[in-house]
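Listed below are the residues making up each chain.
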Amino acid sequence: MHNLNIPIILLAAGQSSRMRGRDKLLEMVDGQPLLRRQAAMALAVTDAPVLVALPAAPHPRYDAIEGLAVTQVPVPDAAEGMNASLRRCFAALPQDAPAAMLLLADLPELTQIDLNKVMQSIDLKLDKSIWRGATSSGKPGHPIVFAAEHFGKFANLTGDSGGRDIVAAARDKTLFVPLPDDHARRDLDTPEEWAIWRAENPRR
């Protein structure tokens, strides 16, 4: 099944606070800034809009995605936490979107193949309303696709919960899609984690 009409929300407004002055989304992965890699990957798997939540301009992350056909969604209240981005992006989705994929910008091992696998698992005729990437051992991760019935629930979220309550309430309607290794969960939040990862992945 091809779900090319499903928009993607890319969360990239976080502060990278544990990087001690560096920006993890501007770290080079596969020859380009991580944020640009993730945005290009999202554009490759859907014909629908790709919305990128960003800190208020000016910010170097805008330069990292220059020239890409994404919809920039500035989040001036990003310091509140992830839910500020979720409120703004879900409100900006096309009215007729049947579902939306939520993608974190800081997962460098996710691939276009992984995103396609999750996209192709979506079947709105079944009794599922959330489709979620998981590790090869079954741990829940990202990306997460929400059917349109969930969109309105993001309007009143506050703080940094990342929609956990919405996901928890729909657990019995969630389909987990296993992805290779730790692709669905491997994030790198500190310079030390990046150094270890680069040592393990010298070709990246």
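Just so you know, these numbers come straight off a predicted model, no measurement behind them.

Engineer: Could you clarify how one ought to interpret the overall build of the protein in this entry?
Structural biologist: If you tally the helices and strands in the protein, you get six helices and nine strands. The C-alpha atoms of the protein give 16 Å as radius of gyration, which agrees with the globular expectation for 204 residues (17 Å, within 12%). Counting only residues that meet the buried cut, the protein has 51% of its 204 residues in that class. Contacts spanning at least 24 positions in sequence make up 71% of the contacts within the protein whose residues lie at least 6 apart. As displayed, the protein has an accessible area near 9600 Å², and 52% of this comes from carbon and sulfur atoms. Computed over 23 positive and 25 negative side-chain charges, the separation of the two mean positions in the protein equals 3 Å.

Engineer: Would you mind going over the pairing of strand β4 (residues 50-55) with me for this structure?
Structural biologist: Regular strands place their side chains on alternate faces of the sheet. With six of six residues buried, β4 lies mostly within the body of the structure. Across four bridges, the pairing between strand β1 (residues 8-11) and β4 is parallel. Residue L11 lies in a different strand from β4, and its bridge partner there is A53. Sheet analysis places β4 next to strand β5 (residues 71-75), joined by five bridges and oriented parallel. In the strand pairing of β5, P55 is matched with V75.

Engineer: Explain the pattern of salt bridges to me, please; I cannot follow it from the model alone.
Structural biologist: Think of it this way: side chains of opposite charge can pair up when their charged atoms draw near. Inspection of every chain in the model, using the stated rule, returns 15 salt bridges. Close ionic contact of K24 with D189 constitutes a salt bridge, the shortest N to O distance being 2.6 Å. Note that K24 is positioned in the loop between β1 and β2 (28-29) and D189 in the loop between β9 (174-178) and α6 (191-200), a separation of 165 residues in sequence. The residues K24 and D189 share a single accessibility class, namely buried.

Engineer: Help me understand the sheet that holds strand β8 (residues 140-147), please; the structure alone is not making it clear to me.
Structural biologist: For sheets, the rule is that strands pair by backbone hydrogen bonds, running either parallel or antiparallel. What the seven strands build is an open sheet, ordered β5-β4-β1-β6-β8-β7-β9; its pairing is mixed. Across the chains shown, the open sheet's two edge strands, defined by having one partner strand only, are β5 and β9. Averaged over neighbouring strand pairs, the angle between their axes works out to 25 degrees when direction is ignored. Of the strands in this sheet, β1, β4 and β6 (99-104) are in contact with helix α1 (residues 34-45), which crosses β1 at around 175 degrees. Set on the sheet, helix α4 (residues 112-121) makes contact with β1, β6, β7 (130-134), β8 and β9; between it and β9 the angle comes to about 150 degrees.

Engineer: Could you clarify how one ought to interpret the environment of D114 in this entry?
Structural biologist: The residue D114 is located in helix α4 in this model. Of the residues examined, D114 reaches a relative accessible area of 2% and is grouped as buried. Taking C-alpha positions, D114 is 21 Å from A97, a pair spaced 17 residues apart along the chain. Once you skip the residues sitting within four places of it in the chain, D114 turns out to touch E109, L179, P180 and H183.

Engineer: How should I be thinking about the packing of aromatic side chains in this particular structure?
Structural biologist: Each aromatic ring pair is summarised here by two numbers: the centre-to-centre distance and the angle between the ring planes. In total, this model carries five aromatic pairs according to the counting rule given. With a centroid separation of 5.8 Å and an interplanar angle of 85 degrees, the aromatic rings of W194 and W197 are classed as edge-to-face. Placement of both W194 and W197 in helix α6 is noted, with a separation of three residues, approximately one turn of the helix. Across the pair, exposure class does not vary: W194 and W197 are buried alike. Cluster of aromatic residues (ring-pair linked, three or more members): F90, F146, F151 and F154.

Rules of the game
Residues numbered from 1 in each chain as written. Predicted model: local features only at pLDDT ≥ 70, side-chain atom pairs only at ≥ 80, totals over all residues. Heavy atoms only, no water. Helix = DSSP H or I, 4+ residues; strand = E, 2+ residues; numbered from the N terminus. Rg over C-alpha atoms; globule rule 2.2 N^0.38 Å. Buried < 20%, exposed > 50% of the residue type's maximum accessible area, 1.4 Å probe, protein only. Contact = heavy atoms within 4.5 Å. Areas by Shrake-Rupley, 256 points an atom, 1.4 Å probe, with all protein chains shown as cover. Lys, Arg positive; Asp, Glu negative; His and termini not counted. Charge placed at Lys NZ, Arg CZ, Asp CG, Glu CD. Pairing = 2+ DSSP bridges. Salt bridge = Lys/Arg side-chain N within 4 Å of Asp/Glu carboxyl O. Axes fitted to C-alpha atoms, helices over the stretch in contact; angles between N-to-C directions. Phe/Tyr/Trp six-rings, centres within 6.5 Å; stacked < 30°, edge-to-face > 60°.

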